[in-house]
Amino acid sequence: MKLYLDPGHGGQDPGAQGNGLDEKDLTLDISLKIRKILQDEYEGIVIKMSRTGDTTKSLGERTSEANAWGADFFMAIHINSDSRIAQGYEDYIHSSLSDSSKTAKYRDIIHAEVIKVNQLKNRGKKKANFHVLRESSMPAMLSENGFIDNTHDAGLLKQASWLQKVAEGHVNGIAKAFNLKRKDNIPAPSPSPSPAPGTLYKVIGGSFKSKDHADERVALLHTKGFESFVHTTNISGETWYRVQAGAFSNRDNADNLINDLKKAGINDAFLIAE
Ligand SMILES: [Zn+2]
């Protein structure tokens, strides 16, 4: 999937201004964050940006570049301004498109993901005859991430952590809309790697096919100062006699006992989690 990512304005064109902020800086910041997350966490995506620094580039140059490159999606990032009273998030697709168009479907998905995380008033899904939406030959969307001249929105726009959240919202939407696959080495955010509550770590000081050998091991451990007992278990239809020397809900405690057993010469000690 080829994504053309367009941070609005730049260089001699600061875009909207207010509360000590320039739109061009914020759109670049959000876009660079979007690119980084997509590149770090997803595969099957190639990204071209209209600019990666504070440079001047016309709207015509942006759409020509995306068209010539053969982008699959054009994502423009902007910040709004109005009368200081207006606030919130809105996004646009071209006014000629129907609500059932492919572009509208991509927009629906991205809109929902951005709104989940951006803490802004939702001004809705809109259509307009903007240059980048009209002159791009692939599905195109433009997001307006808050109002720079509104005190509430500007308060958020000044926070790097908020800009990161907005970037993540766009990434989640793009990933969902285009079925991007997460890289294998990046764990999914939700499931925690820690064991389920109630996990018991059993320290086994040897496991034997013979009950007599297991009893001998219990006696040996006793002489070395470890108390244990024989526990019968069935593995693949065979009976084993396990010498259990301890059971802990805390993994560190279990590891400590294993180390003590090995120091005492019980090299076949091992841990099982239940
Ligand atoms: Zn703008």
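Bear in mind that the values here come from a model prediction, so they are computed numbers and not experimental data.

Turning our eyes to something else, we now look at the environment of Thr63. Looking at the element boundaries, Thr63 is found in helix H2 (residues 59-69). The spacing of Thr63 and Phe270 is 207 residues in sequence and 63 Å in space, taken between C-alpha atoms. In contact with Thr63, other than residues within four places in its own chain, are Phe74, His131, Val132, Glu135 and Ser136.

Turning to the packing of aromatic side chains, a few remarks are in order. In total, this model carries 5 aromatic pairs according to the counting rule given. Measuring from ring centre to ring centre gives 5.1 Å for Tyr4 and Phe74, while their planes differ by 35°; the resulting arrangement is tilted. Of this pair, Tyr4 sits in strand S1 (residues 2-7) while Phe74 sits in strand S6 (residues 73-80); the two residues are 70 residues apart in sequence, bridging distant segments of the chain. Between Phe73 and Tyr106, the ring centres sit 5.7 Å apart and the planes meet at 75°, which makes this aromatic pair edge-to-face. Residue Phe73 is found in strand S6, and its partner Tyr106 is found in helix H3 (residues 102-117); the two are separated by 33 residues along the sequence. Relative accessible area serves as the criterion here: at 0%, Phe73 is assigned to the buried category. Relative accessible area serves as the criterion here: at 15%, Tyr106 is assigned to the buried category. Three or more aromatic residues joined by ring pairs make a cluster, and in this case those are Phe73, Tyr106 and Phe178. Over the ring of Trp240 we find Lys209, and its NZ or CZ is 5.4 Å from the ring centre.

Take the sheet that holds strand S7 (residues 89-94) next. The strand order across the open sheet built from 6 strands is S5-S1-S6-S9-S7-S8, with neighbouring strands paired in mixed fashion. Two strands bound the open sheet, and with one partner strand each, they are strand S5 (46-49) and strand S8 (122-128). Sheet twist, expressed as the mean angle between neighbouring strand axes with direction ignored, is 20°. When S1 meets S6, the two strands line up parallel, connected through 5 bridges. Directly across from Leu5, in S6, lies its bridge partner Met75. In the packing of helix H6 (residues 160-177) onto the sheet, the strands contacted are S1, S6 and strand S9 (140-147), and the crossing angle to S9 comes to about 155°.

It is worth spelling out the nonpolar core at this point. Formed by 38 residues in total, the largest nonpolar core has its most connected members in Leu3 and Leu38. If you list the elements that add at least two residues to this core, you get S1, helix H1 (23-41), S5, S6, H3, helix H5 (151-157) and H6. For this core, the leading source of residues is H6, giving 8 residues. What Leu3 contacts, discounting residues up to four positions off in sequence, is Leu38, Ile45, Val46, Ile47, Lys48, Trp69, Phe73, Met75 and Ile174. In this structure, Val218, Tyr241, Ile266 and Ala269 belong to the second largest nonpolar core, which totals 16 residues.

This part covers the domain arrangement of the protein. In terms of domain boundaries, the protein breaks down into domain 1 (2-182) and domain 2 (201-273). Summarising the inter-unit geometry, the C-alpha centres of domain 1 and domain 2 are found 60 Å apart.

In a structure, side chains of opposite charge can pair up when their charged atoms sit close to one another. Counted by the stated rule, this structure contains 21 salt bridges. In this structure, Lys116 and Glu113 form a salt bridge, with 3.0 Å as the shortest nitrogen-oxygen distance. Note that Lys116 and Glu113 are positioned in helix H3 at a spacing of 3 residues, about one turn of the helix. Judged by its relative accessible area of 59%, Lys116 is exposed. Owing to a relative accessible area of 8%, Glu113 belongs among the buried residues under this scheme. When the shortest N-O distance is used, the salt bridge between Asp268 and Arg217 registers 2.9 Å. One end of the pair, Asp268, is in the loop between helix H8 (251-263) and strand S14 (270-273); the other, Arg217, is in helix H7 (residues 211-223), and 51 residues separate them in sequence. On the accessibility criterion, Asp268 (35% relative accessible area) is partly exposed. Using a relative accessible area of 14% as the deciding quantity, one classes Arg217 as buried. Through salt bridges with shared partners, one network takes in Glu43, Lys181 and Asp184.

The next thing to look at is the layout of surface pockets. Of the voids in this model, the largest pocket is the one considered here, and its volume is about 260 Å³. Secondary-structure elements contributing two or more residues to the lining of the largest pocket are H2, S6, helix H4 (131-134) and S9. Classifying every residue of the lining of the largest pocket by side-chain character gives 5 nonpolar, 7 polar and 6 charged.

What counts, and at which threshold
Residues numbered from 1 in each chain as written. Predicted model: local features only at pLDDT ≥ 70, side-chain atom pairs only at ≥ 80, totals over all residues. Heavy atoms only, no water. Helix = DSSP H or I, 4+ residues; strand = E, 2+ residues; numbered from the N terminus. Contact = heavy atoms within 4.5 Å. Phe/Tyr/Trp six-rings, centres within 6.5 Å; stacked < 30°, edge-to-face > 60°. Buried < 20%, exposed > 50% of the residue type's maximum accessible area, 1.4 Å probe, protein only. Lys NZ or Arg CZ within 6 Å of the ring centre and 35° of its normal. Pairing = 2+ DSSP bridges. Axes fitted to C-alpha atoms, helices over the stretch in contact; angles between N-to-C directions. Core = buried A, V, L, I, M, F, W, Y, C linked by side-chain atoms within 4.5 Å. Domains from an automatic or database assignment. Salt bridge = Lys/Arg side-chain N within 4 Å of Asp/Glu carboxyl O. 1 Å grid on protein atoms, 1.4 Å probe; cavity = no way out; pocket = protein on both sides within 12 Å on 5 of 7 lines; lining within 4 Å. Points joined across faces, edges and corners; volume = space filled by probe spheres on them. Nonpolar A, V, L, I, M, F, W, Y, C, P; charged D, E, K, R; others polar.

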